[in-house]
Amino acid sequence: MLAARTGAAGSQISEDNSKFRKQSGLSSGGKDKSPKKAPENVKDSSLSPCGQSQLRARQLALLREVEMNWYLQLCELSSEHTTAHTTGMPHRNLGKSGLRVSCLGLGTWVTFGGQISDEVAERLMTIAYESGVNLFDTAEVYAAGKAEVILGNIIKKKGWRRSSLVITTKLYWGGKAETERGLSRKHIIEEIVRAMTHVINQGMAMYWGTSRWSAMEIMEAYSVARQFNMIPPVCEQAEYHLFQREKVEVQLPELYHKIGVGAMTWSPLACGIISGKYGNGVPESSRASLKCYQWLKERIVSEEGRKQQNKLKDLSPIAERLGCTLPQLAVAWCLRNEGVSSVLLGSSTPEQLIENLGAIQVLPKMTSHVVNEIDNILRNKPYSKKDYRS
């Protein structure tokens with residue numbers, strides 16, 4: 001799937017190997033059993049938006065289980081043969097498309113072709129793949145194109161079935177020449193929506209989405225696609241973590257319910273800020289110590305950065321009580337949002353990746369009480385117009 005963005009580019013997703021799965025929306029299952037009739041003297045009440053979302057999610061999970069059992073029966077297999085069963089990695093639909101992606105993906109920004117060696121990159125991809133991750137994200141601009149090459153070489157070397165993988169890439173910042181960057185037809189073979197439709201029709205991608213687009217831009221792209229009988233985007237790549245919430249929690253849910261655009265989020269640890277490594281300054285071996293990441297260092301040592309570190313210290317007791325690390329709590333917090341299709345992890349060592357993948361075990365512990373505790377510490381929960389009551 002290719003994605004276009006403002007000053008950046010979207011994501012490319014490959015083949016969906018679930019031929020027998022219905023191509024229906026993911027969080028809009030059928031209606032549940034009719035509620036019991038309320039007493040005549042009691043006014044009817046409806047579920048809150050959150051309750052409705054949870055109800056739809058449960059309905060969808062039941063429907064998916066029925067479909068999976070039917071498919072396995074058809075192929076004379078059992079659930080023990082499925083990747084989700086053997087690895088414990090949950091999978092979700094990408095927006096309202098039929099494409100199933102692991103709820104945790106592996107990103108290659110900074111690391112592949114830059115911060116780590118090719119050998120470490122292979123080790124990271126192997127750990128991720130064997131843990132049930134099927135989503136790998138890259139971009140043509142990462143390491144000046146080297147990240148894409150390294151990722152492709154590893155897949156070829158490992159002999160993994162291409163149909164078992166979802167590869168996303170992003171376009172915009174290509175080469176140095178004016179014709180080598182942007183979203184023109186010259187660069188990605190007509191402008192954005194028409195170009196993406198052409199790419200998909202040519203078999204170069206299966207879906208397309210956006211990255212760092214505003215809600216208005218995404219809606220405009222969808223309208224253009226519908227008006228001219230072209231293919232609309234299915235997801236938006238957006239930054240999402242404990243200190244960045246507005247877009248994913250307020251803007252994207254409305255797009256999801258209106259046009260089926262899902263969220264693929266990145267930087268769950270805020271470029272390492274939430275990892276805890278910057279509690280006492282900037283270590284020499286950290287990303288913030290690199291010359292090209294001076295902006296990150298400035299963010300960390302700023303007054304706002306110090307406030308964030310204090311909030312992280314207040315969150316530590318919650319992590320300890322749940323039996324996890326602070327990074328695992330942060331990743332699980334992102335996953336607890338049912339509007340998030342997948343969270344992209346960025347790790348520079350196998351140990352970091354294994355730790356972050358452990359967030360899957362923490363997800364069931366993210367109760368409404370725990371989430372409220374976290375909100376009370378962060379004090380940055382965004383509110384949409386629908387949240388206000390007169």
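One can find the structure itself at the top, above this paragraph.
The structure presented is a predicted model; accordingly, all values stated were derived computationally and were not measured.

Novice: Summarise unusual backbone geometry; cite the residues concerned and give the values.
Specialist: Glycine aside, residues mostly have negative phi angles, and peptide bonds mostly take the trans form. Even without being glycine, Val-110 reaches a positive phi, approximately 75 degrees. Considering the arrangement of structural elements, one finds Val-110 in the loop between strand 6 (104-107) and helix 3 (111-115). Relative accessible area serves as the criterion here: at 15%, Val-110 is assigned to the buried category. Phi angles above zero are rare outside glycine, and Ser-267 is one such case at about 60 degrees. By secondary structure assignment, the location of Ser-267 is in the loop between strand 11 (262-266) and helix 10 (294-301).

Novice: Give me the nonpolar core: which residues, what numbers.
Specialist: Core analysis: the biggest nonpolar cluster contains 84 residues, and Leu-104, Phe-112, Met-366 and Ile-374 have the highest contact counts within it. If we skip the residues at most four places from it in the chain, Leu-104 touches Met-89, Val-133, Val-331, Leu-335, Ser-342, Val-343, Leu-345, Asn-356, Leu-357 and Ile-360. Cys-235, Met-264, Trp-266 and Leu-344 belong to the second-largest nonpolar core, a separate cluster that totals eleven residues.

Novice: I'd love a proper account of the pairing of strand 6, names of residues and values included.
Specialist: On strand 6, burial covers both faces: Leu-104 and Leu-106 on one face and Gly-105 and Gly-107 on the other are all buried. Relative to strand 12 (residues 340-345), strand 6 is paired through three bridges, and the arrangement is parallel. Bridged to Leu-106 within strand 12 is Leu-345. Where strand 6 and strand 7 (residues 135-137) come together, two bridges link them in parallel fashion. Across the sheet, the residue bridging to Leu-106 is Phe-136, located in strand 7.

Novice: Give a detailed account of the packing of helix 11 (residues 303-322) against helix 15 (residues 368-378), specifying residues and quantitative values.
Specialist: Helix packing geometry: the angle between the two helix axes and the distance between the axes. Where helix 11 contacts helix 15, the axes come no closer than 9 Å and their chain directions differ by 165 degrees. Judged by the inter-axis angle, helix 11 sits roughly antiparallel to helix 15. Here helix 11 and helix 15 pass one another in a crossing that is right-handed. In contact with Lys-311, Asp-314, Leu-315, Ile-318, Arg-321 and Leu-322 of helix 11, helix 15 contributes Val-370, Glu-373, Ile-374, Ile-377 and Leu-378. Across the contact of helix 11 with helix 15, the residue classes break down as seven nonpolar, no polar and four charged.

Novice: How would you summarise the packing of helix 4 (residues 118-130) against helix 5 (residues 146-158) if you had to cite specific residues and measurements?
Specialist: Contact geometry for helix 4 and helix 5: axes closest at 10 Å, N-to-C directions at 60 degrees. Pair helix 4 / helix 5 crosses with right-handed handedness. Residue-level contacts link Asp-118, Ala-121, Glu-122, Met-125 and Thr-126 of helix 4 to Ile-150, Leu-151, Ile-154, Ile-155, Lys-157 and Lys-158 of helix 5. The residue inventory of the contact of helix 4 with helix 5, partitioned by class, reads six nonpolar, one polar and four charged.

About the thresholds
Residues numbered from 1 in each chain as written. Predicted model: local features only at pLDDT ≥ 70, side-chain atom pairs only at ≥ 80, totals over all residues. Heavy atoms only, no water. Helix = DSSP H or I, 4+ residues; strand = E, 2+ residues; numbered from the N terminus. Buried < 20%, exposed > 50% of the residue type's maximum accessible area, 1.4 Å probe, protein only. Core = buried A, V, L, I, M, F, W, Y, C linked by side-chain atoms within 4.5 Å. Contact = heavy atoms within 4.5 Å. Pairing = 2+ DSSP bridges. Axes fitted to C-alpha atoms, helices over the stretch in contact; angles between N-to-C directions. Parallel < 35°, antiparallel > 145°, perpendicular 65-115°, else oblique. Left-handed = near helix turned anticlockwise from the far one by under 90°. Nonpolar A, V, L, I, M, F, W, Y, C, P; charged D, E, K, R; others polar.

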